Amino acid sequence: DLYENCQNDTGVRAIFLYPLNALIGSQKKRMDAWVRALEGLTYAVYNGNTDEQHNARYINEHLPELVSRKQIRDTPPQILFTNPSMLEYILVRDKDVPLLENSKGKLRWILLDEAHTLVGSSASEMALLIRRVVDAFQVDIKDLRFAITSATVGTGEESENSLKVFMANLCGIEASQIEVITSKREFKELPNDFVIDNKEEVVEKKKKIYNSDALSL
């Protein structure tokens, strides 16, 4: 979507929200490889570790990643990695007004990781944050796409319907718009030349783990 519609243009199109900065690391590596291969797109990590400014040489060496807050504000990337706390700051801090102004009406995606951690007050706070983001970026929530990932949280029709209702309330959209995507781990037999004393026990444990249900939203 971003490659087809947003190449060579500034403004945040997708916000990746992670509860912890540590979770951004592995995804950042994949994103860097993807963006470099496609060209025409930029990304940035905006959290407490992001420096205010860098010299021109350092900036050019790290493209297509934007490595300073000044870059992110002046020429917002299409893809922004951040956490809920920093996103709160972006919405209220005067310094970050240019980021919002330069991204006005352009946001297309909000991606939430570790959705199973959103319970009680944290779920309410995230729901309010999403609505504030929609307002600050001046987009219609009906035009936004949400992608939400979660650890195993249950299977079956009742569980799926409960998930849809929860995510609908969280994102401010209709439950009928939500599609639950399930997956199954792939089981691979141990090679014949794999030698271990308790091989049968290991095989049984592998089967139990790999045959358990995994669910992502």
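Below is a summary of the structure that appears in this document. (Residues numbered from 1 in each chain as written. Predicted model: local features only at pLDDT ≥ 70, side-chain atom pairs only at ≥ 80, totals over all residues. Heavy atoms only, no water.)

Structural notes on the pattern of salt bridges
Here is the rule: A pairing counts as a salt bridge when a side-chain nitrogen of Lys or Arg comes within 4 Å of a carboxyl oxygen of Asp or Glu. Helix and strand labels come from DSSP, where a helix needs a run of H or I of at least four residues and a strand needs a run of E of at least two; each type is numbered from the N terminus. To sort residues, take the accessible area from a 1.4 Å probe on protein chains only and compare it with the maximum for the residue type: under 20% means buried, over 50% means exposed, and anything in between is partly exposed.
Following the criterion strictly, the structure yields 12 salt bridges and no others. With a shortest N-O distance of 2.6 Å, Lys70 and Asp74 are connected by a salt bridge. In this pair, Lys70 and Asp74 are both assigned in helix H4 (residues 69–74), 4 residues apart and thus about one turn of the helix distant. On the basis of relative accessibility, which here comes to 39%, the residue Asp74 falls in the partly exposed class. Several salt bridges converge on common partners, so that one network encompasses Glu52, Arg73, Arg93 and Asp96.

A short note on the environment of Leu112
Inclusion rule: Contacts are assigned to residue pairs that have any heavy atoms within 4.5 Å of one another.
Mapped onto the fold, Leu112 is located in strand S5 (residues 109–112). The class for Leu112 is buried, based on a relative accessible area of 3%. Between the alpha carbons of Leu112 and Thr149 there is a distance of 6.4 Å; along the sequence they are 37 residues apart. Setting aside anything within four residues of it in sequence, one finds Leu112 in contact with Leu17, Met126, Ile130, Ala147, Ile148, Thr149 and Leu170.

Concerning the nonpolar core
Operational definition: Nonpolar core, defined: a set of buried Ala, Val, Leu, Ile, Met, Phe, Trp, Tyr and Cys residues in which side-chain atoms within 4.5 Å join the residues together.
Ranked by internal contacts, the top residues of the largest apolar core, which has 38 residues, are Leu107, Val133, Phe137 and Leu170. Per-element tally for this core: the top contributor is helix H7 (residues 121–136), with 7 residues. Other than its neighbours up to four places away in sequence, Val133 contacts Ile15, Leu87, Leu91, Leu107 and Ile110.

So, the environment of Leu23
With respect to the helices and strands, Leu23 occurs in the loop between strand S1 (14–17) and helix H2 (24–38). The contacts of Leu23, once residues within four sequence positions are left out, are Tyr18, Asp113 and Glu114.

A short note on the sheet that holds S1
Here is the rule: Two strands are counted as paired when DSSP detects at least two bridges linking them.
Within the open sheet, the 6 strands sit side by side as S3-S2-S4-S1-S5-S6. Their pairing is parallel. Only two strands of the sheet have a single partner each, and these edge strands are strand S3 (65–66) and strand S6 (145–148). Sheet topology places S1 next to strand S4 (residues 79–82); 4 bridges connect them, and they run parallel. Paired with Ile15 across the strands is Leu80, a residue of S4.

A look at the packing of aromatic side chains
The relative placement of two aromatic rings is captured by the distance of their centres and the angle of their planes. To be explicit about the condition: Any Phe, Tyr or Trp ring, taking Trp's six-membered ring, that has another such ring centre within 6.5 Å forms a pair; planes under 30 degrees apart are called stacked, those over 60 apart edge-to-face, and the others tilted.
Across all of its chains, the model carries 3 aromatic pairs by this definition. When the centroid spacing of 6.1 Å and the interplanar angle of 25° are considered together, the rings of Tyr18 and Phe81 count as stacked. Of this pair, Tyr18 sits in the loop between S1 and H2 while Phe81 sits in strand S4, placing them 63 residues apart in sequence. Put simply, the rings of Phe16, Tyr18, Tyr43 and Phe81 pair up and form one aromatic cluster.

Some words on unusual backbone geometry
For the peptide bond that leads from Leu63 to Pro64, omega is 15°, which places it in the cis range. Although it is not a glycine, Asn8 adopts a positive phi angle of roughly 55°. Tracing the chain through its elements places Asn8 in the loop between helix H1 (2–5) and S1. You can call Asn8 exposed: its relative accessible area is 68%. For Glu39, which is not glycine, the phi dihedral falls at a positive 70°. Note on placement: Glu39 falls in the loop between H2 and strand S2 (43–45). Glu39 sits in the exposed class, given a relative accessible area of 56%.

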